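Residues per chain, in single letters:
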Amino acid sequence: MKRQVRLLVDIVMYALFLYLMSYQAGRGLLLHGVLGCVLLVLFLLHHLLNLGWYRGLNRGRYTAARIVFLILNLLLSVAIVLIAVSSVMMSGNVFAFSPVPAAEWGRALHTASTAWGFVLMALHVGLHTHVPLKRLYGKVRETFFAYAYVLLFLLVMKAGIGCCFWSGLWRDMLLLSGRNAANHHIVFYGQLVGITIAACQVIHLLLSVCSKRSTAS
C-alpha cells in the first residue's frame, strides 16, 4: 500500500510541476502560488515516505551508481528549496506576510531553479526507470528485435535531447533570453515529456556503464 501511495505522490508531483512550468499571467498569480505550495507539501511528503532511504545512507558500500543517486537527490533538493525561496521573493501579493524581502533577481532565480529542478527531477525519475529498461533490453537482447530496440532507443533519446533545445529550456538554465515559447500547451507538455524520457535514457546508460565497471573491478 505504501508503495502505491509513493507512486501516486510522485505522479501528481510530476504532473503539477509540468502544469506550473506552463504558467501564464492570465491564469492568475494566486493560483500559481497556491499550487506551488501544494507541490512543496508533496515534496515534503515524498521525503517522509522515503525515510528508509535516509536511514540506510550510513550502511553498505558506496558504488558509483549509488553516488550518482545521492548527488542527484541532493541537487534536486537544493533546486526545490531555491524554487520555494525565489517564489516567495517574487510574489508579494500571495505571501504578503513573508519576512523574506522581494528582490529584482528573484524572478531570474525562480526561472533558473525551476529549469534546473525539472531536469534534475527528470534524471531522478530515470533512477527508478533504470531497472525496467534493463529488464526490457534483457528480454530482446538475444532476439531479432535487438537492433530495432537499440535504434528506437537512440532515436527517442535524440528527439528528447532536441526538445531541450527546441523548447529553449537550456536558455532558462543558463539565464539567457530568447526562450522559444510553444504555441500550444500540447506541444509544450510534449517537449517536457520528451526531455523526461531522454533524461531517463541517459541515466539508464550511465548506470549501465557504472554497473559494468563495478563488475569488471
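This structure is a prediction, so every number in the text was calculated from the model and none was measured. (Residues numbered from 1 in each chain as written. Predicted model: local features only at pLDDT ≥ 70, side-chain atom pairs only at ≥ 80, totals over all residues. Heavy atoms only, no water.)

S.K.: Please provide a residue-by-residue account of unusual backbone geometry, values included.
M.R.: Apart from glycine, the bulk of residues carry a negative phi angle, and the bulk of peptide bonds sit in the trans form. The phi dihedral of Leu175 falls on the positive side, at around 60°, and the residue is not glycine. Inspection of the secondary structure puts Leu175 in the loop between helix H7 (169-173) and helix H8 (185-216). (Helix = DSSP H or I, 4+ residues; strand = E, 2+ residues; numbered from the N terminus.)

S.K.: For helix H5 (residues 106-140), give the residues involved together with the corresponding values.
M.R.: With 35 residues, H5 extends 49 Å between its outermost C-alpha atoms, agreeing within 8% with the 51 Å of an ideal straight helix rising 1.5 Å per residue. If you look at H5, its biggest bend is around 45°, right at Thr129, and the proline Pro132 turns up within four residues after that. (Expected span 1.5 Å × (residues − 1). Bend = angle between axes of the 7 residues up to and from the residue.)

S.K.: Account for the nonpolar core, with residues named and values stated.
M.R.: Phe17, Phe118 and Leu169 are the most contacted members of the largest nonpolar core, which has 37 residues in total. Listed by contribution, the elements that provide at least two residues to this core are helix H1 (2-21), helix H2 (29-49), helix H4 (64-90), H5, helix H6 (146-166), H7 and H8. The contacts of Phe118, once residues within four sequence positions are left out, are Tyr14, Phe17, Leu18, Met21, Leu169, Leu192, Ile195 and Thr196. Of all hydrophobic cores here, the second largest spans 6 residues; its members include Leu133, Val140, Phe153 and Ala198. (Core = buried A, V, L, I, M, F, W, Y, C linked by side-chain atoms within 4.5 Å. Buried < 20%, exposed > 50% of the residue type's maximum accessible area, 1.4 Å probe, protein only. Contact = heavy atoms within 4.5 Å.)

S.K.: Tell me about H4, and please be specific about residues and values.
M.R.: Given a rise of 1.5 Å per residue, 27 residues ought to cover 39 Å, and the 39 Å separating the end C-alpha atoms of H4 matches this to within 8%. By the burial criterion, the buried members of H4 are Val68, Leu72, Asn73, Leu76, Ser77, Ala79, Ile80, Ile83, Ser86, Ser87, Val88 and Met89.

S.K.: Describe the side chain of Asn73, listing the residues and the values that go with them.
M.R.: Structurally, Asn73 is set in helix H4. When residues no more than four places from it in sequence are discounted, the contact partners of Asn73 are Trp53, His124 and Leu127.

S.K.: Describe a nonpolar patch on the surface, and please don't skip the residues or the numbers.
M.R.: Nonpolar side chains collect at one region of the surface, where Leu45, Leu48, Leu51, Trp53, Tyr54, Tyr62, Ile67, Leu70, Ile71 and Leu75 lie side by side and expose about 830 Å² of accessible area between them. If you list the elements that add at least two residues to the nonpolar patch, you get H2, helix H3 (51-55) and H4. The greatest single-element share of the nonpolar patch, amounting to 4 residues, is contributed by H4. Among the structural elements, Tyr54 can be located in helix H3. (Patch = residues over 30% accessible without salt bridge, like charges linked within 9 Å, V, L, I, M, F, W, Y side chains within 5 Å. Areas by Shrake-Rupley, 256 points an atom, 1.4 Å probe, with all protein chains shown as cover. Salt bridge = Lys/Arg side-chain N within 4 Å of Asp/Glu carboxyl O.)

S.K.: Describe the environment of Cys164, and please don't skip the residues or the numbers.
M.R.: Position of Cys164 among the secondary structure elements: in helix H6. C-alpha of Cys164 to C-alpha of Val119: the two residues are 45 residues apart in sequence and 9.5 Å apart in space. Those residues in contact with Cys164, other than ones at most four positions away along the chain, are Leu169, Trp170 and Ile195.

S.K.: Outline the packing of H2 against H4, supporting the account with residue identities and numerical values.
M.R.: The geometry of H2 relative to H4 is characterised by a closest axis approach of 11 Å and an angle of 155° between their N-to-C directions. It follows that H2 is roughly antiparallel to H4 by the angle criterion. The chirality of how H2 crosses H4 is left-handed. Counted together, Leu40, Phe43 and His47 of H2 and Ser77, Ile80 and Ala84 of H4 form the full contact between these two elements. Per-class residue counts for the contact of H2 with H4 are 4 nonpolar, 2 polar and no charged. (Axes fitted to C-alpha atoms, helices over the stretch in contact; angles between N-to-C directions. Parallel < 35°, antiparallel > 145°, perpendicular 65-115°, else oblique. Left-handed = near helix turned anticlockwise from the far one by under 90°. Nonpolar A, V, L, I, M, F, W, Y, C, P; charged D, E, K, R; others polar.)

Function-wise, these values are silent; they only describe arrangement.
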